[in-house]
Each structure stands twice: as structure tokens, then as C-alpha cells.
Amino acid sequence: MGSTGSKGSAEHAGSTSADRASETRDRDSEGRARNARPRDGLGRPLPYGTDGVPRQPEGVVRTPEETVAEAQRLLDEGKPFHAHEVFEDAWKSGPDTERELWRGLAQLAVGLTHAARGNITGGARLLRRGAGATDTWASGSGQPLPHGIDLEGIATWAREVAQDVERDGRAVDAGARAPRLRGAGGGPEQIPEQGRGG
């Protein structure tokens, strides 16, 4: 009995503080460090044990239509941080020719996140950067409506929100100010024929 106790103590004494820290650090299924704290709709960490908004799974490969639909749903629900994660998956898994498109859309979602959190300067900067990125991609690709996404309308929206938050100096309601990714109608009927499946 005494030897079992001392063996356990010896094993514990042989472990390093780094070993003990890694045992308590949040990890994903692949062993990568990942903060598992619950988050609110704007991605802000909440205390452990609090009910938060379900996290978007990382690394999901979606069709462009699924990406747009999921991101629009999250934006409409006032969850631009989570929409940014959907765009980021498209950016990382999509074709090289579309990476800057999805990256620009992710920047717009992060800009709206910051504007809704009350980070006026950062929100306005990211909204304008994302608008510039989508403008640049559209002019370089010759596709103003990729996958039915109204890039001109989104860039205009982003610049208006940036101007509003700077003028008013206060946070915006993310759901109320969510962009319409496919324009005013927002439906799949706006997808050009070459972008339709089947």
C-alpha cells in the first residue's frame, strides 16, 4: 500500500508543469489547442459552464451555395463572428481563384463583429478593408455576382456601416445591420444560370 502511494508520487514528481498544463488545456479532436469556453453571438468568451452560442465546426467543406446560405442565416441571427468562420472555411477549402473573395467576405463579417462589439475604429477599418477586397476581386475576376453574391451591394453596405459607426460613435445591432449577400431579394433565384447546380 505504501509502495503504491510512493510510486504514484514518483510518477507525479516526474511530470513537468508543461505536462500538467497540457492536460488541462482545451484541445480539439486532433489534439490542437482550442479554447472551448462558450461564446456569445459576437464571439466573446463567456465563463465556463455558461450557455453560449454553439460554435461553428472548423474545416467544413461546403458548396458555395451552402456557404452563402449558412453565412446569411448566421448574419441574420446577429452572429457575424460565426458567419466569418463559415467564410473562412470556404477561403481555406475553395479553389485558389476564389480565396480572396471568401477572405474579403470574412473580413466584412469580422468588421461587423467589431462594430457590434463597440470597437468603432477597428470595425470601420475592417469593413472598409473587406469592401476593398471584394471590389478588387470582382474587378479582377470579371464576376460581379459570383455564386449570386451581390459584391457591389455588399461593398456599399460595408462602407455605409463604417460611416455610421464612426459618425454615431456607438455599437450597431449586428442582426439589424446584417448585409443581404444576394441583394434585396436574397433568394437563390438570383444565382446566374451558370452558378446553378443540376
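Just above sits the structure.
These remarks concern the structure in this document. (Residues numbered from 1 in each chain as written. Predicted model: local features only at pLDDT ≥ 70, side-chain atom pairs only at ≥ 80, totals over all residues. Heavy atoms only, no water.)

Quick word on unusual backbone geometry
Link 1 in the chain: One non-glycine residue, His147, lies in positive phi territory at about 55°.
Link 2 in the chain: Along the chain, the position of His147 falls in the loop between helix H6 (120-141) and helix H7 (151-168). (Helix = DSSP H or I, 4+ residues; strand = E, 2+ residues; numbered from the N terminus.)

Remarks on the environment of Ser93
Link 1 in the chain: The topology assignment puts Ser93 in helix H4 (residues 80-93).
Link 2 in the chain: Taking the C-alpha atoms as reference, Ser93 lies 8.6 Å from Arg62; in sequence the two are 31 residues apart.
Link 3 in the chain: In contact with Ser93, other than residues within four places in its own chain, are Val60 and Val61.
Link 4 in the chain: At 2.8 Å, the side chain of Ser93 forms a polar contact with the backbone oxygen of Asp89. (Contact = heavy atoms within 4.5 Å. Polar contact = N/O pair within 3.5 Å; in protein donor to acceptor, adjacent residues only side chain to side chain.)

Notes on the pattern of salt bridges
For side chains of opposite charge, pairing can occur when their charged atoms come near one another.
Link 1 in the chain: The full count for this structure, using the stated rule, is 13 salt bridges.
Link 2 in the chain: Close ionic contact of Arg180 with Asp76 constitutes a salt bridge, the shortest N to O distance being 2.8 Å. In this pair, Arg180 sits in the segment after H7 while Asp76 sits in helix H3 (residues 64-76), placing the two residues 104 residues apart along the sequence.
Link 3 in the chain: Glu100 is the partner of Arg103 in a salt bridge, and the nearest nitrogen-oxygen pair spans 3.4 Å. Residue Arg103 and its partner Glu100 are both found in helix H5 (residues 99-117); the two are separated by 3 residues, about one turn of the helix.
Link 4 in the chain: Residue Arg103 is classed as partly exposed on the basis of its relative accessible area of 33%.
Link 5 in the chain: Its relative accessible area of 41% is what places Glu100 among the partly exposed residues.
Link 6 in the chain: Through salt bridges that share partners, Glu70, Arg73, Glu77 and Lys79 make up one connected network. (Salt bridge = Lys/Arg side-chain N within 4 Å of Asp/Glu carboxyl O. Buried < 20%, exposed > 50% of the residue type's maximum accessible area, 1.4 Å probe, protein only.)

A closer look at the packing of aromatic side chains
Link 1 in the chain: Inspection of the entire model under this criterion finds 1 aromatic pair.
Link 2 in the chain: Centre to centre, the rings of Phe87 and Trp102 are 6.2 Å apart; their planes meet at 25°, and the pair counts as stacked. Here Phe87, found in helix H4, pairs with Trp102, found in helix H5; they are 15 residues apart in sequence, far enough to count as distant. Residues Phe87 and Trp102 agree in their burial class; the two are buried. (Phe/Tyr/Trp six-rings, centres within 6.5 Å; stacked < 30°, edge-to-face > 60°.)

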